[in-house]
Amino acid sequence: QMLANASLAVAQEPADGHWRDFALWLLAIAKLTNGDPAGVDELMADAVATARRAGNVGIASCAVGHRAMVAADLGDWTKAAALLSEVDARAVAQLGGYPSAAPLFAVRIRLAIRRGDVAAARQELANLVLLRPTLTAQAAFAVMSLIGFARAYLACGDPAGARAVLAQASDILRRHPDLGVLPAKVAE
C-alpha cells in the first residue's frame with residue numbers, strides 16, 4: 001500500500017511541486033521496504049536535488065542520509081562518506097531531534113568506526129538514544145532506522161545495544177507484520 005500511495009504521490013505532484021521531494025523520498029523508502037532496490041539511489045538523488053532547489057534543507061539532508069545508509073549497507077563506504085560530506089554541519093545540528101535524520105546519524109557512526117574514531121562513534125551513539133522513542137510513527141521508516149542503529153551498535157562493539165534496538169524493531173513488527181523484507185532484515 002505504501003508503494004502504491006507513494007507512486008501515486010510522485011505521479012500527481014508536479015516537478016516543481018511543494019511535496020515532490022518528500023514524495024520521491026517516500027517512494028524510495030517504499031521500494032526498499034519491498035526489497036526492490038532498483039532505482040532507489042536515483043529516486044533519492046532526485047529527492048535531494050528537488051529539495052535543494054526548493055530550499056528544503058531538512059528533506060535534502062535526510063534523503064542524503066538514506067542514500068548513504070544504502071551505500072554503506074552495500075559496502076560502498078567511499079560513496080557513503082562522499083554523500084555525508086555534502087550535508088552542511090548546521091543542518092546536522094538542526095536535525096538532531098528529528099527521527100527522519102536517524103539514518104544520517106547511524107551512517108555517521110559507522111563511518112567513524114571505519115576511520116578508527118571509536119570515541120566519536122560512541123558519543124554520537126549516545127546522542128541517538130534520544131531519537132529512539134520518536135521512532136514509532138511510520139513503521140517502515142522506524143524499523144529501517146533501528147536496523148541502522150543496530151549496525152552502528154555492532155560496529156561500536158556493543159551487542160547489548162544492538163539487541164535493545166532490535167527488540168524495539170521487533171515490537172514494531174508485531175504491530176505491523178507485513179513490512180516487506182524488513183522482518184527478515186531484523187532477524188538477520
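What you are looking at is a predicted structure, and each value in this text was computed from that prediction instead of being measured.

A. Seen up close, the pattern of salt bridges. Taken as a whole and judged by the stated rule, the model has eight salt bridges. Arg52 is the salt-bridge partner of Glu86, the closest N and O atoms lying 3.3 Å from each other. A residue pair is termed long-range when its members are at least 10 positions apart, and Glu86 in the loop between helix H5 (77-85) and helix H6 (89-95) and Arg52 in helix H3 (residues 40-54) qualify at 34 residues. Linking Arg174 and Asp171 is a salt bridge whose minimum nitrogen-to-oxygen distance equals 2.1 Å. One end of the pair is Arg174 and the other is Asp171, both in helix H10 (residues 159-175) and three residues apart, which spans about a single turn. Within this structure, Asp41, Arg67 and Lys79 form a network of salt bridges that share partners.

B. Highlighting the nonpolar core. Counting 66 residues, the largest nonpolar core has Trp25, Val107, Val143 and Phe149 as its most contacted members. With twelve residues, the single largest contributor to this core is helix H9 (residues 139-155). Setting aside residues no more than four positions away along its own chain, Val107 makes contact with Gly65, Ala68, Met69, Ala72, Ala80 and Leu84.

C. Molecular detail of the packing of helix H2 (residues 20-33) against H9. Where H2 contacts H9, the two axes come as close as 10 Å, and the packing angle between them is 70°. As summarised for this structure, H2 and H9 are arranged roughly perpendicular, according to the angle between their axes. Relative to H9, the crossing made by H2 is left-handed. From H2, Trp25, Ile29, Leu32 and Thr33 reach across to H9, where they touch Ala140, Phe141 and Met144. The residue inventory of the contact of H2 with H9, partitioned by class, reads six nonpolar, one polar and no charged.

Calculation criteria
Residues numbered from 1 in each chain as written. Predicted model: local features only at pLDDT ≥ 70, side-chain atom pairs only at ≥ 80, totals over all residues. Heavy atoms only, no water. Salt bridge = Lys/Arg side-chain N within 4 Å of Asp/Glu carboxyl O. Helix = DSSP H or I, 4+ residues; strand = E, 2+ residues; numbered from the N terminus. Core = buried A, V, L, I, M, F, W, Y, C linked by side-chain atoms within 4.5 Å. Buried < 20%, exposed > 50% of the residue type's maximum accessible area, 1.4 Å probe, protein only. Contact = heavy atoms within 4.5 Å. Axes fitted to C-alpha atoms, helices over the stretch in contact; angles between N-to-C directions. Parallel < 35°, antiparallel > 145°, perpendicular 65-115°, else oblique. Left-handed = near helix turned anticlockwise from the far one by under 90°. Nonpolar A, V, L, I, M, F, W, Y, C, P; charged D, E, K, R; others polar.

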